[in-house]
Amino acid sequence: MTDTRMSMYRSDLLSGKRILITGGGTGLGKSIGKRYVELGADLVICGRRREVLEQTAKEFKDTLGVTVETHVCDVRDAKTVESMMDAIWATGPLDVLLNNAAGNFLARTERLSTRAFDAVVDIVLKGSAYCTMDVGRRWIDAGHKGTVMQILTQSAMTGMPFTVPSAMAKAGALAMIRSLAVEWGPYGIRTVGVVPGPFPTEGAWSRLMPQERIGQAPIEQGVALRRVGEHHELADLCVYLISESAAFITGEAVVIDGGRWLQGTAGASAYNMQQWPDSTWESLKPKKSKE
Ligand code: HXC
Ligand code: NAP
């Protein structure tokens with residue numbers, strides 16, 4: 001079913017645009033993808049779990065009547081990324097890459113294993129870079145103009161305790177879009193960023209918002225507008241930034257967070273988390289299966 005909320009966009013605004021959303025099978029990537037196809041885009045999504053991608057493609061087919069191309073791809077693996085791009089380009093170039101895939105969890109940094117650190121940084125920083133470099137090379141070689149959009153987090157700008165690998169990786173991704181705005185601008189390639197505040201998703205909430213945290217510092221209290229975001233609000237910003245109306249915007253990251261970062265999020269939440277006993281941190285770790 002098409003979204004019936006009032007839209008400021010023409011219903012064919014994105015027709016003719018072919019867009020890849022990494023991690024587009026769930027959460028915010030899925031909501032943004034839905035908006036893109038509602039406005040006429042050809043959507044490609046990738047992720048590690050085939051069944052999740054196929055379920056999303058089926059849902060879009062059943063509700064919107066559109067066919068979504070899916071690719072199983074772990075963006076941490078540069079060779080797999082290249083194979084996916086070969087398969088995509090076999091039927092035509094992309095016009096937009098949306099680096100949305102991410103990994104994140106709460107942990108005390110001094111207790112993190114190097115594998116845990118790598119798991120997050122490899123997805124967020126290296127995965128975004130592999131996709132961007134591959135797509136950029138194809139665009140530049142063919143003289144094709146395009147847009148790379150990067151989903152960031154507040155932590156990229158301010159840092160964030162207890163999610164240090166993600167903050168470091170997102171800060172690197174912010175540096176990437178700012179750098180490439182200048183390097184690739186002469187080719188007609190734009191690079192833009194979006195910094196969402198709290199937008200509830202299963203993936204983020206299950207890992208980052210345990211009851212111990214929310215109970216001590218309700219999220220809404222940390223947001224100037226006293227609420228979390230709605231997915232359609234983020235999706236509409238993501239439409240604007242890849243549209244021709246935004247053709248003169250590059251290297252910029254737009255914050256959409258209800259004033260959360262200005263209010264200062266780490267304060268009470270970090271204080272409370274510093275009081276947590278070891279048992280709380282242990283309970284947040286993945287359960288090891290017995291061998
Ligand atoms: C400590 C942890 C941990 C935790 C995993 N690890 N979770 N360590 N605390 N909570 C450790 C494991 O023990 C292991 O180290 C290492 O990390 C790799 O774990 P795997 O499970 O083997 O990795 P993998 O299957 O590749 O999973 C990657 C992942 C996982 C990042 C760990 O969470 C994931 O798949 N995430 C994808 C979705 C996601 O995170 N969505 C949220 C995005 S929200 P050892 O040493 O034991 O082997 C976001 C910002 C939101 O980015 C901001 C909200 C306001
Ligand atoms: P999510 O549903 O967990 O989305 C993460 C997606 O990334 C999943 O579809 C996952 O699919 C995919 N993914 C993870 N690792 C991957 C890999 N190695 N290769 C390919 N795909 C991979 O969480 P979300 O909340 O929607 O997050 C989406 C984006 O928004 C992220 O960039 C996140 O940092 C950002 N963000 C979210 C919030 C929020 O409040 N929700 C706030 C700020 C920023 P598979 O597991 O199947 O691979």
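Here, every reference points to the structure presented above.
The rules we used
Residues numbered from 1 in each chain as written. Chains lettered and ligands numbered in written order. Predicted model: local features only at pLDDT ≥ 70, side-chain atom pairs only at ≥ 80, totals over all residues. Heavy atoms only, no water. Helix = DSSP H or I, 4+ residues; strand = E, 2+ residues; numbered from the N terminus. Rg over C-alpha atoms; globule rule 2.2 N^0.38 Å. Buried < 20%, exposed > 50% of the residue type's maximum accessible area, 1.4 Å probe, protein only. Contact = heavy atoms within 4.5 Å. Areas by Shrake-Rupley, 256 points an atom, 1.4 Å probe, with all protein chains shown as cover. Lys, Arg positive; Asp, Glu negative; His and termini not counted. Charge placed at Lys NZ, Arg CZ, Asp CG, Glu CD. Salt bridge = Lys/Arg side-chain N within 4 Å of Asp/Glu carboxyl O. Phe/Tyr/Trp six-rings, centres within 6.5 Å; stacked < 30°, edge-to-face > 60°. Near = heavy atom within 4 Å. Polar contact = N/O pair within 3.5 Å; in protein donor to acceptor, adjacent residues only side chain to side chain. Nonpolar A, V, L, I, M, F, W, Y, C, P; charged D, E, K, R; others polar. Expected span 1.5 Å × (residues − 1).

A. Quick peek at the overall build of the protein chain. In terms of regular secondary structure, the protein chain is built from 12 helices and 7 strands. On C-alpha atoms alone, the protein chain measures out to a radius of gyration of 19 Å, which is about the 19 Å that the 2.2 N^0.38 rule sets for 291 residues. Along the first, second and third principal axes, the C-alpha set of the protein chain runs to 55 × 45 × 40 Å. The buried share of the protein chain, reckoned over its 291 residues, is 48%. Put simply, of all contacts in the protein chain between residues at least 6 apart along the chain, 78% involve residues at least 24 apart. Counting only carbon and sulfur atoms, one obtains 54% of the accessible surface of the protein chain, whose full area is about 14600 Å². Separation between the mean location of the 33 positive side-chain charges and that of the 32 negative ones in the protein chain comes to 3 Å.

B. Molecular detail of the side chain of R213. Take R213: it is sitting in helix 8 (residues 211–216). Within the buried set, R213 has no salt-bridge partner at all; the shortest N-O distance to an opposite charge, 9.6 Å, is to E212. In this view, R213 contacts L106, L208, S269, M273 and W276; residues no more than four positions away in its chain are not counted.

C. Fine view of the packing of aromatic side chains. For the structure on display, the rule yields 2 aromatic pairs. Ring plane angle 35° and centroid distance 5.2 Å describe the contact between F162 and W281, whose orientation is recorded as tilted. Of the two residues, F162 sits in the loop between helix 5 (155–158) and helix 6 (164–184) while W281 sits in helix 12 (residues 278–284), which places them 119 residues apart along the sequence. As far as burial versus exposure is concerned, F162 and W281 are alike and both buried. Centroid distance W276 to W281: 4.9 Å. Interplanar angle 55°. Geometry classified as tilted. Judged on exposure class, the residue W276 and its partner W281 are both buried.

D. Here's a closer look at the site of ligand 2. Taken together, 27 residues surround ligand 2, and among them T26, R48, R49, N100 and T201 come closest. In this structure, L28 approaches ligand 2 through a main-chain N or O atom, which is 2.8 Å from an oxygen atom. In terms of residue count, the dominant contributor to the shell around ligand 2 is helix 7 (residues 202–208) (3 residues). Of the residues belonging to the shell around ligand 2, the class tally is 13 nonpolar, 9 polar and 5 charged.

E. Examining the environment of P218 more closely. Relative to the elements of secondary structure, P218 occurs in the loop between helix 8 and helix 9 (231–242). The spacing of P218 and C131 is 87 residues in sequence and 36 Å in space, taken between C-alpha atoms.

F. Spotlight on the site of ligand 1. Among the 21 residues in the neighbourhood of ligand 1, the closest are listed as R48, S113, R115, R207 and K288. R76 places a polar side-chain atom, nitrogen or oxygen, 3.0 Å from an oxygen atom of ligand 1. Measuring from an oxygen atom of ligand 1, one finds a side-chain N or O atom of S113 at 2.6 Å. Look at ligand 1: alone it shows 1100 Å² of surface, and the protein chains cover 72% of it. Breaking the shell around ligand 1 down by element, the ones donating at least two residues are helix 4 (114–142) and helix 7.

G. Representation of helix 6. In this model helix 6 runs 29 Å from its N-terminal to its C-terminal C-alpha over 21 residues, within 8% of the 30 Å that 1.5 Å per residue would give. Among the residues of helix 6, P165, S166, A167, A169, K170, A173, L174, M176, I177, L180, A181 and W184 are the ones counted as buried. Turning to helix 6, the residues buried within the fold contact strand 4 (96–99), helix 4, strand 5 (146–151), helix 5, strand 6 (189–196) and strand 7 (253–256).

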